[in-house]
Every structure is written in structure tokens, then in C-alpha cells.
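# Fold and geometry: a report
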Amino acid sequence: MEGPRLIVPVVPSEEDVLEGMLTRRFQYVFQFSYFRTKSRWELIRLSLLIVGIEFTYATETAFVAPILLGIGLPHTVMTMMWAMPPIVGVLFVPVVASASDRLRSKWGRRRPVLLALGVAMLLGMMLLPHGRLVGEAIGLRTVAWVATLTTIGLTTTDFSAEASNGLCRTYAMEVCTIGDQARVLSTMMLIGGLGGSLGYLFGAVDWSALPIGEYFTSDESAVFTANWLFLLVGLLSTLTSFPEIPLPVQERDELLRPVTKRALKNELQRLRGNVHEVQTELHMDIIGFRQFVRNVIRMPRAMRILCATQCLTNMGHLTFCLNFTDFVASTVYDGDVQAPPESLEFVLYQQGVRFACFGMALYLASASLSSLLIEQATKRVGARAVYVTGLMAHCVGMLSVGFLHYRAVVLLCCSLAGIMYATVYSIPILLISHYHSKNSFDVVDGKCVESTQPRGFGADVSILNSILCIAQLIISLVMGALIDAFGTTKVIAFAASGCSFLAACSAMTVFYMGL
């Protein structure tokens, strides 16, 4: 006689559990697109604001230095003008992100803030290339006033772009499913690189030689106008891509909250009977401003190391970006921006700027191609190898162009810099998402330690973005003085190479927690 059979419960896989959670939510409220997989076109539409932002970065880095030097400023003062945006950014980007985390608008948490920042960007882009014209129109014709007006345009544009950059990525991560989050980041990197490449390619064109050039006062005016249009289209596309579920609605109904990695982990533990291992959602990662300040002051070890690495990375990256057109025009082409307009030195400088813009377009094209491989490379060799390799590529490229002032070496340097850029805007954000999914920011004896401190994902991403402002502030205050002290722009290449090498060393100590 057979005894009673032991029935072993079948534990569903993680993929089955995730699919079930998404299906229940989609059937519950189908008008929101949080709970379904996005098509490639939908991810592109969601990412189009990044195209406008990257176009803006390209236009700024290509033309702000020549514009300020053309006004009559020395290198030391010119680079100090770049210090204003990071000062404003360090003070206010985290505040904007923290306020966005707690915004209770019917339109959502991210899109109202992105709209306000987008309008500010558009206004700044109108002022930045026309500082001299605006000054003449209102009777402020001195170099000091023209430089002040130009700096106001630069600060407004750069701060708004930097704040929008982090918020746009946060918005994309929140409206996408877990399986789409890596896809949307790689999509943003890909088409963002294409947007930046277009910006630099527009800068490489001699617009005065074209029929359309007669409608613009300068090449800079033509490029900034195209930038303005790209930015407007990208802003409208992203803001109308996916509706957000308002925060009060999410607080009232658990089924209307996005399915995070932590929620998936809790559901798996519940189905397996490990109720004691279920982690409580810390107020949906919504934190107040006081808690945000405490989080910055008492930053966990994983975030401190990641921020230090990102600071060194951005110092190397910004030294390259903000000064590269001037470096190529003056060192590789032997030009002089302050020479008489019809002189050979001035013509060579203009040619050097256009060639540098072409190289920078290659740099972003390389970044776009590299972004296609990062997800698979991370899965195959791990995030540590990808991160360190990207940083060392930039180190080698800048060291090469510092010694060898040939056009081919310039193009090689730009291609290697693109590999680094693809890692800067993917690996660190994936790491923060990984920390939040595990609710852990420290490792003791090889094991992840659960965090008891509430931290907002959007706020942590903004902290990481604020590191860019700190790096830009340091570079702005130091680089011009170094150029004037050594009497050559060659110091740009060696400084960028040194910072990237230190960043690679720091990246070896980052907590990857199995990523």
C-alpha cells in the first residue's frame, strides 16, 4: 500500500514572477505604460531630449572657448568663466532632484521639472552666442559686460542641461520595466552620441561659404540656431512620450507603483516562504530635503568611492572636452584666435576649430558604437573590466596626442575618448541602480550589508551628476592658470591623461557587488 505522496511546491522563476507582476498591473490600469515592454521606437522617443542635451554640450564645448577668447579674455579668465555653471550646479542640481522626488503634481514628478529646465535651456541658448549683440543693444559694449552677458547665457544653459540630464535618465528608468532599463540607457547613449556628433559636425561646416550663411551673423550663430531647434523637438518628444503616475496615486495604491528590483525580490521571497527576508519599501524611495542633506553628509562607502572615481573621470573628460578645440587650433594648427581676422594665424585657428569639431564628432560616434557593446560586455567580463578599460583608453589617447601633434593622432585620441564616454554615463548609473535593488551600499567580509538609511534613487543619481559640477569647477579654476604658466596648450593633453589614469586606479576599488 502506497503511503501519502509528498507534494513539492513549484517555485516560479524570477522571469515568471516579474511577468506576473507586470501583467497584473497592466490589466489593473492599462492606460499607463509602466508595466509593459517598450518597443525600440518608444525608447528612442523617450530619449530624444538627450539628443538635444548632447547637441548642446557639443555646441558649448566647441564654441564657448573661441567665443570668450574672441571677446579678448586671456586663458586664465576664460577658463574661470566655466566655473560659474558648476558652482550653481553643485548648489542647486541636488535641490532640484530632491524636489522632483517629492513633487505631487498631477503631471507626475519628473516632467514638470524637465519642462521648466527645458525652457531655461532654450533661453540660455538664445543669449550665449549673442552676448555682444545684446550688450550693444542695451548700451553695454565693454569687454567686461559682454563677457558677463555671455557667462549668464552659459550658466543658464549648462546648469539646466546638467540637471535635465540626470532627471531625464531617472524618468526613463522609472517608466520602463526592469528588463528595459539597460536597453533605455544604451539607447540614450547611442542616440545621444549621434546628437552630439551632429552638433560637432555642424561646427565643422564653414557656414559663411554656404548660401544659407547669409542669414546668420557668424558660424556660431548658425550652429546655435540648429541646436535650439533640435533641443525644442527633443524636449517636446520626451515630455509627451509616456504619462507618469502621480505620486499621491502611487501612495494610495500599491499596484500603481513601478515594479522595482527590490519589489521583485520581495515577491520572490514571499513566494518562497521567506517572509522574514522581505524588505520594506522605504516610502517608495521618496525622501525629504533634510534627509537628502544627511545622505550627502553621511554618504555610504560605496557611494563615496563611486563619487570619487566619477570626479577624477570627469576631470579627465572635461579637460579634454572644454579645451580640445583650442588645443587643436593652437597646438596642431599653430593658429591664434586673437590675431587680426584676415591674418594667416587667425585663418589657421578657424581651420583648427573646424577640424577639432570633426574629431569630436568622431569621438561621439565612437561613444555611440561603444554603448551598443557595453551591456553585453558587462555581462561577459563584468562592470569592473568595462569601467577600467574605458578610462585607460582615454588615458592612452590623451598621452599620445600630447606627444604627437598629427591629425591622425588627434582622430585616434577622439576615438579612444569615445570608449571612455560610453562608460561614464552607463556603468555608474547601473551601479547605483544595483545598490538600490540590493538595498546595500557596503560590503563586509564579501557580503552585502543591508542599508537602514532611506535613500532616493533620483537623489543619488543627482549626487553623481553634481560630481560633474565639482570636477568642472576644479578644471575651470586650475586649467587656465596651468596653460598660462607653461605657455602652451600641450598641458591640456597631459592633465587629461593623468586624471584618467587616477580614475582607472580608483575604479579598481569600486564596489560592484556582482555586477
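Residues numbered from 1 in each chain as written. Predicted model: local features only at pLDDT ≥ 70, side-chain atom pairs only at ≥ 80, totals over all residues. Heavy atoms only, no water.

As named in an unreviewed UniProt entry, the protein chain is Major facilitator superfamily (MFS) profile domain-containing protein, taken from Anopheles atroparvus. The heading Subcellular location (unreviewed entry) in the UniProt record of the protein chain holds the text "Membrane". (UniProt positions renumbered as here; feature names shortened; annotations may be inferred.)

The periodicity of an α-helix, 3.6 residues per turn, causes residues three or four positions apart to be oriented the same way. The terminal C-alpha atoms of helix 8 (residues 178-203), which comprises 26 residues, lie 38 Å apart, in line with the 38 Å expected from a rise of 1.5 Å per residue. In terms of residue burial, helix 8 counts as a mostly covered element, since 19 of its 26 residues are buried. (Helix = DSSP H or I, 4+ residues; strand = E, 2+ residues; numbered from the N terminus. Expected span 1.5 Å × (residues − 1). Buried < 20%, exposed > 50% of the residue type's maximum accessible area, 1.4 Å probe, protein only.)

Moving on: the environment of Glu 162. Position of Glu 162 among the secondary structure elements: in helix 7 (residues 143-175). Put simply, Glu 162 and Leu 117 are 45 residues apart on the chain and 9.5 Å apart in space, counted from C-alpha to C-alpha. Ignoring sequence-local partners within four residues, the contact set of Glu 162 consists of Tyr 57, Asn 465, Leu 468 and Cys 469. (Contact = heavy atoms within 4.5 Å.)

This paragraph deals with the packing of helix 7 against helix 8. Between helix 7 and helix 8, whose axes approach to 9 Å, the crossing angle comes to 145°. You can see that helix 7 and helix 8 cross each other, and the crossing is right-handed. Between helix 7 and helix 8, the residues in contact are Cys 168, Arg 169, Ala 172 and Met 173 and Gln 181, Val 184, Leu 185 and Met 188, respectively. A per-class count over the contact of helix 7 with helix 8 returns six nonpolar, one polar and one charged. (Axes fitted to C-alpha atoms, helices over the stretch in contact; angles between N-to-C directions. Left-handed = near helix turned anticlockwise from the far one by under 90°. Nonpolar A, V, L, I, M, F, W, Y, C, P; charged D, E, K, R; others polar.)

Here we come to the packing of aromatic side chains. Counted under the stated rule, the structure contains 10 aromatic pairs. Taking the centre distance of 5.9 Å and the plane angle of 45° together, the rings of Tyr 333 and Phe 355 count as tilted. Of this pair, Tyr 333 sits in the loop between helix 13 (301-332) and helix 14 (344-381) while Phe 355 sits in helix 14, and the two are 22 residues apart along the sequence. A single burial state applies to Tyr 333 and to Phe 355, both of which are buried. Ring pairing ties together the aromatic residues Phe 320, Phe 324, Phe 327, Tyr 363 and Tyr 421, which thus form one cluster. The ring of Phe 355 is capped by Arg 407, whose NZ or CZ atom sits 5.9 Å from the centre of that ring. (Phe/Tyr/Trp six-rings, centres within 6.5 Å; stacked < 30°, edge-to-face > 60°. Lys NZ or Arg CZ within 6 Å of the ring centre and 35° of its normal.)

Along the polypeptide, Thr 156 turns up in helix 7. A relative accessible area of 29% means that Thr 156 is categorised as partly exposed. As a C-alpha pair, Thr 156 and Pro 85 span 71 residues in sequence and 7.4 Å in three-dimensional space. Among all residues touching Thr 156, those that are not within four sequence positions of it are Ala 120 and Gly 124. Within the structure, Thr 156 has its side chain in polar contact with the backbone oxygen of Ile 152 (distance 2.9 Å). (Polar contact = N/O pair within 3.5 Å; in protein donor to acceptor, adjacent residues only side chain to side chain.)

What follows is about the side chain of Ser 164. Inspection of the secondary structure assignment puts Ser 164 in helix 7. Within the structure, the side chain of Ser 164 is placed 2.7 Å from the backbone oxygen of Ser 160, a separation counted as a polar contact.

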